[in-house]
Amino acid sequence: MDVVLDFLGTFFFAISGSLLAARRGFDIVGSVLLGALTGLGGGVVRDLILGVTPTAFSQPIHLAAPVAAAALVFFLDPAVERMPHTLLVFDAAGLGLFCTTGAVKALQLGMNPVAAALLGVATGVGGGLLRDVVANRDPQLFDPDDIYAVPAMLGAASITVAWLTGWYSPAVVVAVGTLVFTLRLVSLRFGWRVPRAVARRRDDRRA
Amino acid sequence: MDVVLDFLGTFFFAISGSLLAARRGFDIVGSVLLGALTGLGGGVVRDLILGVTPTAFSQPIHLAAPVAAAALVFFLDPAVERMPHTLLVFDAAGLGLFCTTGAVKALQLGMNPVAAALLGVATGVGGGLLRDVVANRDPQLFDPDDIYAVPAMLGAASITVAWLTGWYSPAVVVAVGTLVFTLRLVSLRFGWRVPRAVARRRDDRRA
Amino acid sequence: MDVVLDFLGTFFFAISGSLLAARRGFDIVGSVLLGALTGLGGGVVRDLILGVTPTAFSQPIHLAAPVAAAALVFFLDPAVERMPHTLLVFDAAGLGLFCTTGAVKALQLGMNPVAAALLGVATGVGGGLLRDVVANRDPQLFDPDDIYAVPAMLGAASITVAWLTGWYSPAVVVAVGTLVFTLRLVSLRFGWRVPRAVARRRDDRRA
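Residues numbered from 1 in each chain as written. Chains lettered and ligands numbered in written order. Predicted model: local features only at pLDDT ≥ 70, side-chain atom pairs only at ≥ 80, totals over all residues. Heavy atoms only, no water.

Novice: Could you clarify how one ought to interpret the interface of chain A and chain C in this entry?
Specialist: A common way to report how large an interface is uses the accessible area buried once the components associate. Each partner contributes residues to the interface: chain A has 31 residues there, and chain C has 34 residues. Here chain A and chain C share an interface that buries about 2700 Å² over both sides, 67% of which is from carbon and sulfur atoms. Summed over the shared surface of chain A and chain C, the number is 1 salt bridge. Between Asp-138 of chain C and Arg-24 of chain A there is a salt bridge, with the nearest N and O atoms lying 3.1 Å from each other. Inspection of the region where chain A meets chain C yields 6 residue pairs in polar contact (both at pLDDT 80 or more). No other element matches the 8 residues that helix H2 (residues 28-50) of chain A contributes to the side of chain A that touches chain C. Class assignment of the residues belonging to the side of chain A that touches chain C gives a composition of 20 nonpolar, 6 polar and 5 charged. (Contact = heavy atoms within 4.5 Å. Buried area = accessible area lost by both parts, 1.4 Å probe. Salt bridge = Lys/Arg side-chain N within 4 Å of Asp/Glu carboxyl O. Polar contact = N/O pair within 3.5 Å; in protein donor to acceptor, adjacent residues only side chain to side chain. Helix = DSSP H or I, 4+ residues; strand = E, 2+ residues; numbered from the N terminus. Nonpolar A, V, L, I, M, F, W, Y, C, P; charged D, E, K, R; others polar.)

Novice: Explain a nonpolar patch on the surface here, please?
Specialist: Among the surface-exposed residues, Leu-72, Phe-75 and Leu-76 of chain A lie close enough to one another that they form a single nonpolar patch of about 290 Å² accessible area. For Phe-75 of chain A, the location among the structural elements is in helix H4 (residues 64-81). (Patch = residues over 30% accessible without salt bridge, like charges linked within 9 Å, V, L, I, M, F, W, Y side chains within 5 Å. Areas by Shrake-Rupley, 256 points an atom, 1.4 Å probe, with all protein chains shown as cover.)

Novice: Looking at this structure, I do not really get the environment of Arg-193 of chain C. What am I missing?
Specialist: Residues and elements named next belong to chain C. Counting through the fold element by element, Arg-193 comes out in the segment after helix H8 (170-189). C-alpha separation for the pair Arg-193 and Ala-71, spaced 122 residues apart in sequence, amounts to 35 Å. Apart from the residues within four sequence positions on either side, Arg-193 is in contact with Pro-144, Asp-145 and Ile-147. Only 3.4 Å separates the side chain of Arg-193 from the backbone oxygen of Asp-145, close enough to count as a polar contact. There is a polar contact of 2.5 Å between the side chain of Arg-193 and the backbone oxygen of Gly-191.

Novice: Even after reading the chapter, I still don't get the nonpolar core, so can you show me in this structure?
Specialist: Across soluble globular proteins, nonpolar side chains have a tendency to be buried as a group. Among the nonpolar cores identified, the biggest contains 138 residues, and Leu-141 and Phe-142 of chain A, Leu-141 and Phe-142 of chain B together with Leu-141 and Phe-142 of chain C are the most heavily contacted of them. In this structure Phe-142 of chain C touches Phe-26, Gly-30, Leu-33, Leu-34 and Val-134 of chain A together with Leu-129 of chain C, once residues within four positions along its chain are discounted. Judged by nonpolar contacts, the second largest core, of 30 residues, contains Leu-107, Met-111 and Leu-119 of chain A together with Ala-106 of chain C. (Core = buried A, V, L, I, M, F, W, Y, C linked by side-chain atoms within 4.5 Å. Buried < 20%, exposed > 50% of the residue type's maximum accessible area, 1.4 Å probe, protein only.)

Novice: Help me out: how do you make sense of unusual backbone geometry in this one?
Specialist: Most peptide bonds adopt trans geometry, and most residues besides glycine take a negative phi value. Of note, Asn-136 of chain A is a non-glycine position whose phi angle comes to about 60°, a positive value. Of note, Asn-136 of chain A is situated in the loop between helix H6 (113-134) and helix H7 (149-164).

Novice: Sorry if this is basic, but what is going on with the environment of Asp-27 of chain C here?
Specialist: Of note, Asp-27 of chain C is situated in the loop between helix H1 (2-23) and helix H2 (28-50). Residue Asp-27 of chain C is classed as buried on the basis of its relative accessible area of 4%. Note: C-alpha distance between Asp-27 of chain C and Phe-74 of chain C (47 residues apart in sequence) is 9.8 Å. Not counting residues within four places of it along the chain, the set of residues in contact with Asp-27 of chain C comprises Asp-143, Pro-144, Asp-146, Val-194, Pro-195, Arg-196 and Ala-197 of chain B. A distance of 3.0 Å separates a polar side-chain atom of Asp-27 of chain C from the backbone nitrogen of Val-29 of chain C. A distance of 2.8 Å separates a polar side-chain atom of Asp-27 of chain C from the backbone nitrogen of Gly-30 of chain C.

Novice: How should I be thinking about the interface of chain A and chain B in this particular structure?
Specialist: Taken together, the contact between chain A and chain B spans 34 residues of the former and 30 residues of the latter. Each partner contributes to the roughly 2700 Å² buried at the junction of chain A and chain B, and carbon and sulfur atoms together form 67% of this total. Area buried by chain A at its contact with chain B is led by Ile-49, Phe-142 and Ala-197 of chain A, which between them contribute 25% of it. On the surface where chain A and chain B come into contact, there are 1 salt bridge. If you look at where chain A meets chain B, you find 6 residue pairs in polar contact (both at pLDDT 80 or more). Every element with two or more residues in the side of chain A that touches chain B is listed here: H2, H6 and H7 of chain A.

Novice: Looking at this structure, I do not really get the side chain of Thr-123 of chain C. What am I missing?
Specialist: Residues and elements named next belong to chain C. Take Thr-123: it is sitting in helix H6 (residues 113-134). A distance of 2.5 Å separates a polar side-chain atom of Thr-123 from the backbone oxygen of Leu-119. Thr-123 has contacts with Gly-42, Gly-43, Arg-46, Phe-98 and Gly-102, leaving out every residue within four places of it along the chain.

Here is the structure:
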């Protein structure tokens, strides 16, 4: 179960990486590599912190996801591009899956609840952050007009509470992941914000 | 003792991260995340290399530091901004603490002296490097008009020598950390430099 | 044997890092640090994923490579600069060595073949990717006019096949590494390409 969701999350994130590669004019190899970094990066960071062999390497089947994603983008991109927000939708799907499965794996390995929730968030936002950092652009994670991390935090916290209260089940993972996915897209649709890093608004955005 | 210093260093670095978030116009969540990355990043890298669970996750109390730092910046930022070099001062304090405590932890875990000193430097400069890399700006670490890494190298080397000669004590950690902090600020005040990467000066800084 | 090749690869990559530091006008400390990150980064990532102490820290002799590289660039840079493609040549040498030795180390530690080949590629391209990411420039790895990763993939795959078929020997490592090095330079000389990330060419390279 977890493996299937993990594979799907990897695939969704990899699509967002390959789409960025397409928009930046990278070649097909760069598309696979950026997709792999986006799809597998968050989980690798999580597993390194948990002290286990990253699933991307212990279960090489996960490597098929970025290859499939790059192939999909290669052949379907014109269609994909007609849907301007496609990257955001796939990214949101990966976010929903990884912030929940990441927290679950940490809990299964005996991490304390706070760390488990944080690792869920790291798994969810890590791949996209790595994607933006290596593609040398401002991370979507820090876009002040976009509450990217908030749904992931709520999802990771919810699944951790469910685990502690004994309500955890694969169905709950799917439910919470879907909730995060929906919350992410709704927040984009209605442009929800959180306060800036300082109480008063500022002009020197680039100082 | 080490935990207290570790918490303080995390807090100081987190302030520098949250101040950068404020200057870049990030929201409060980005302020917490960038602060956490800055404050905890160096220690996480150190612990991953040491093969132990990062203290940020094994002792979640450390996570309170970035939250407190983001709150401080949120409410006090206008005042903080009236002190233009605040970011540099807090960054220097974190540098002084982490280059010493990082080397000490490596020595306590049986690392060889050279590696321990290097890990001290990595702990000291790692968080700030991650901060600048994810914020998509040229790392302060490589600013040719600023000897950022030199005080950290001296501090990490000094504490390692103190350990080998049996002169190590918590007081020595505080003393060396304070020395690094002072050296860092004095070098900024007087614009101390080290030679360029090439013997002759060059014009094509961006070639 | 592996240690010698590992040291050489570290040295070659470190040269490319120090040359970039020189071109960006960094100081000598930044030259050592960027060289170290370039030369040791790929191996550290590989070893963290393998769950062993990074050789850069367990065998501090490796740290001599970036220091030697920075010194060479410092004193010889004007001559080096008269050879415009020097950075590419040293980078290619490091790529050839690391994609093979990286895969070998993973196989020696019992990784499955697919993961071992991938770790070889990661060891080969990781250091240069870190170099470009921290130097805040578009990674050479994603340059659509340059098949940077392809020779590394072929090399890591070849050495893995040689291992599985029992044909592995240090001589094979040298042969494959040399082949990767040659293929890399030949591909640069003749401007070999692979298809873009999308079937049709695009104009909005930066969209």
